Structures are given as structure tokens and as C-alpha cells.
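# Residue-level structural notes
For reference, the chains in residue letters:
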Amino acid sequence: MTDQPILLKVLLTQRHWQTYSTFCKEYDKAAKKVDPSLQGGWPSRAQLHRWLSGELKGLPYSGHCRVLEAMFPGRSAHELFSTNAVEVPTPRTEPETARSAGPETQVCAMPQMADVTAVFSSRAAFSSAYPASTLFDSAKEINAAGLSLNVLCHGYPDHQLRRLLDSGTRIRCLFLDPKGQAIRAREAEEGYTDSTLTTLTALNITMLTRLRARLDTASAQRLELHVYDETIRFNLLIVDRALCVMQPYLPQARGVDSPTFVIRDNTAAEGLFPVFDQVFTEMWERSKPV
């Protein structure tokens, strides 16, 4: 891995093509012009990360090189994967020196935020800044995993969910199994003695099951409901493979009181989006359908 970014990474960032979904769209546009048979042949997320981190010892396959050269006219594949073609600007001003807190204190640079774009102290604070309508109204794919998934079941009207499903949106919901052991352990941790979380989760599953029963066959197939019985660690909401909302489950604290992180996919950066996208994928693969 090189300390200096390769040209491909710099150009993607300049054009705002650094998210994986955007990169794939632009790749397909170029592939259509070069050779239609190359459409859909974009690299996997892991492959693209290796390209941009400078881990390749040579060049990608010739088909990839042809498409990349079409994406960036005037640049050869060799240049795109080179660091020599990158001009790193020299800062014009020195950072402001922080006031010393003592003789042993050293000034530390602000840490990078990677692809985290916002942090909120609670789910309520997040919901005020990101209403459900803003998150879902134009979504084409929604993946949600957590406990009761109230953001979908209570924060967004049934008729809006139906509109999304009828228009082609795929929705995958992964609930903590109301019949499992993990939800009982979580109830004990939060201090519930009346099966509050079990009842709420079962109710939410029933609400979506009833909605699915009223849909036509094609729309119903787009609403997938699964359950898992594992120690709950995160509440995840991933929209269009580009936006991830992540909450950790804290000891003895309700989910609504947990800090909330907003993460936007930025393939050109060392980010957290691929981490939590993979967490959801692996949980889904271990789960069972309702």
C-alpha cells in the first residue's frame, strides 16, 4: 500500500464518483461505449478497494483497463494506477497553533472522520435531522437490522411503504427473534420484566406480514422479513447501498438513547460503510425467513 494516492483515486474524488454505487453506474456508461459485453463487469467492492489503496502489483484485466480509459479520456491505465501522475498541492497556510495547556502538551491534528458524516447523541436527535420521509421516499433498496425496527414500522406510514414496494423498491427487515433467547437477554439487560420488547417486536412483524399479505405477488416478494437469535450489537439501516445509519446497543440503555452515526459510502476513502454493509449481509445469511 502506498502513502501517496494513485491517480484513479484522486480523479474519482474530484468527480464525486467515489461511492461504490456511483462508480458502478459510471463504469457501466463507459462500458456501453467501449464494448456492451463489458457492462455489469465492474469490480467487486473489495476489488475496487484494492485498486484505490495501491495494493495491485500490476494492472487489472484488459477489459477493466479499457473501461477505465474510457471513463477518463486521455489517461492510460498505467497512469491511472500510478502515483507519479498525481500532483499533491502544497498547503498555502500553516494551521493555527492551539494554545498550550502546559509544557508537556503537544498539539494533535484533527483525526479523520473517514466516511462518517454526522454523529448524534441519540436516535431522537438523529430523527429530527433525518425524518423517515427524507430517508425512504425515493429509496430503491432498504436494508434494516436491529431489534423491533420502529423506524420502518412506526416512523413510516403503511401506505408509503406500499407505494415504495409497488414502485419496485426492495425492503429487507431483520428482526431480533421474539421467540428466541437473545431478546429475553436484552429485556433483562434493559430491566423489563413484562416481555415489553418481545411483544413490540412480534407486533411489528405482524404489521409488516399483514401489509405483505395485501400486496400483489411481485410487490410482496420485494418485502422480505427475517429473524435472528444472536446477541444484539447494532441497529443498522442501509439505504441504496450508499447511506448507512448505525447505532450500537449500549449496556442497560434503550436503543432510542444510543448515539447514532451517519455514514455515507466513500469507496475512495478508508471508511466504515463496507464494514457495516458486510455485517448486515452476514447476519442476513445466518437468519431465517418469517
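Read on for a plain summary of the structure. All values reported here derive from a predicted model rather than from experimental measurement.

### With respect to the environment of Arg 222
Mapped onto the elements, Arg 222 comes out in the loop between α12 (217-221) and β4 (223-228). C-alpha separation for the pair Arg 222 and Arg 212, spaced 10 residues apart in sequence, amounts to 9.1 Å. If near-sequence neighbours (up to four positions away) are discounted, Arg 222 is found in contact with Leu 165, Asp 166, Gly 168, Thr 169, Arg 170 and Ile 171. Only 2.6 Å separates the side chain of Arg 222 from the backbone oxygen of Leu 165, close enough to count as a polar contact.

### A short note on the sheet that holds strand β1 (residues 116-120)
Strand order in the open sheet formed by eight strands is β1-β7-β6-β5-β2-β3-β4-β8, with mixed pairing between adjacent strands. The outermost strands of the open sheet, each flanked by one partner alone, are β1 and β8 (288-289). As paired elements, strand β2 (residues 141-145) and strand β3 (residues 170-176) share five bridges and run parallel to each other. Bridge pairing in β3 places Asn 143 opposite Arg 172.

### Section: the nonpolar core
The biggest cluster of nonpolar side chains holds 33 residues, and the ones touching the most others in it are Phe 136 and Phe 175. Setting aside residues no more than four positions away along its own chain, Phe 136 makes contact with Ile 142, Val 151, Leu 152, Tyr 156, Leu 164, Leu 237 and Val 239. Leu 7, Leu 11, Leu 52 and Phe 72 belong to the second largest nonpolar core, which has 22 residues in total.

### Here we look at the packing of helix α10 (residues 181-190) against helix α11 (residues 196-213)
Packed helix pairs are characterised by how far apart their axes lie and by the angle those axes make with each other. Direction vectors running N to C along α10 and α11 enclose 130°, while the axes themselves pass 8 Å from each other. Classed by the angle they form, the pair α10 and α11 counts as oblique. Across the interface between the two elements, Ile 183, Arg 186, Glu 187 and Glu 190 from α10 touch Thr 196, Leu 197, Thr 198 and Thr 201 from α11. Residue composition of the contact of α10 with α11, grouped by class: two nonpolar, three polar and three charged.

### Brief notes about the packing of aromatic side chains
Applying the stated criterion across every chain, the model contains nine aromatic pairs. Each ring, one from Phe 23 and one from Tyr 27, has its centre 5.9 Å from the other, and the planes form 45°; the classification is tilted. Within this pair, Phe 23 and its partner Tyr 27 are both found in helix α2 (residues 20-34), separated by four residues, close to a single helical turn. Per residue, the accessibility class of Phe 23 equals that of Tyr 27, and both read buried. Between the aromatic rings of Phe 234 and Phe 276, the centroid separation amounts to 5.2 Å while the plane-to-plane angle is 80°, which identifies the pairing as edge-to-face. With a gap of 42 residues between them, Phe 234 in strand β5 (residues 234-239) and Phe 276 in helix α13 (residues 273-286) connect regions that are remote in the sequence. Ring pairs connect the aromatic residues Phe 120, Phe 126 and Tyr 130, which therefore count as one cluster. Taking NZ or CZ as reference, Arg 15 lies 5.9 Å from the ring centre of Trp 17, over its face. Its guanidinium or amino end placed over the ring of Trp 284, Arg 172 lies 5.0 Å from that ring's centre, counting from NZ or CZ.

### Points about the pattern of salt bridges
Scanning the entire structure with this criterion turns up 13 salt bridges. In this structure, the salt-bridge partner of Asp 265 is Arg 45, at a minimum N-O distance of 3.2 Å. Placement of Asp 265 in the loop between β7 (260-264) and α13 and of Arg 45 in helix α3 (residues 45-52) is noted, with a sequence separation of 220 residues between them. Considered together, Asp 265 and Arg 45 belong to a single accessibility category, that of buried residues.

Cut-offs and rules
Residues numbered from 1 in each chain as written. Predicted model: local features only at pLDDT ≥ 70, side-chain atom pairs only at ≥ 80, totals over all residues. Heavy atoms only, no water. Helix = DSSP H or I, 4+ residues; strand = E, 2+ residues; numbered from the N terminus. Contact = heavy atoms within 4.5 Å. Polar contact = N/O pair within 3.5 Å; in protein donor to acceptor, adjacent residues only side chain to side chain. Pairing = 2+ DSSP bridges. Core = buried A, V, L, I, M, F, W, Y, C linked by side-chain atoms within 4.5 Å. Buried < 20%, exposed > 50% of the residue type's maximum accessible area, 1.4 Å probe, protein only. Axes fitted to C-alpha atoms, helices over the stretch in contact; angles between N-to-C directions. Parallel < 35°, antiparallel > 145°, perpendicular 65-115°, else oblique. Nonpolar A, V, L, I, M, F, W, Y, C, P; charged D, E, K, R; others polar. Phe/Tyr/Trp six-rings, centres within 6.5 Å; stacked < 30°, edge-to-face > 60°. Lys NZ or Arg CZ within 6 Å of the ring centre and 35° of its normal. Salt bridge = Lys/Arg side-chain N within 4 Å of Asp/Glu carboxyl O.

The analysis is restricted to geometry; functional conclusions fall outside its scope.
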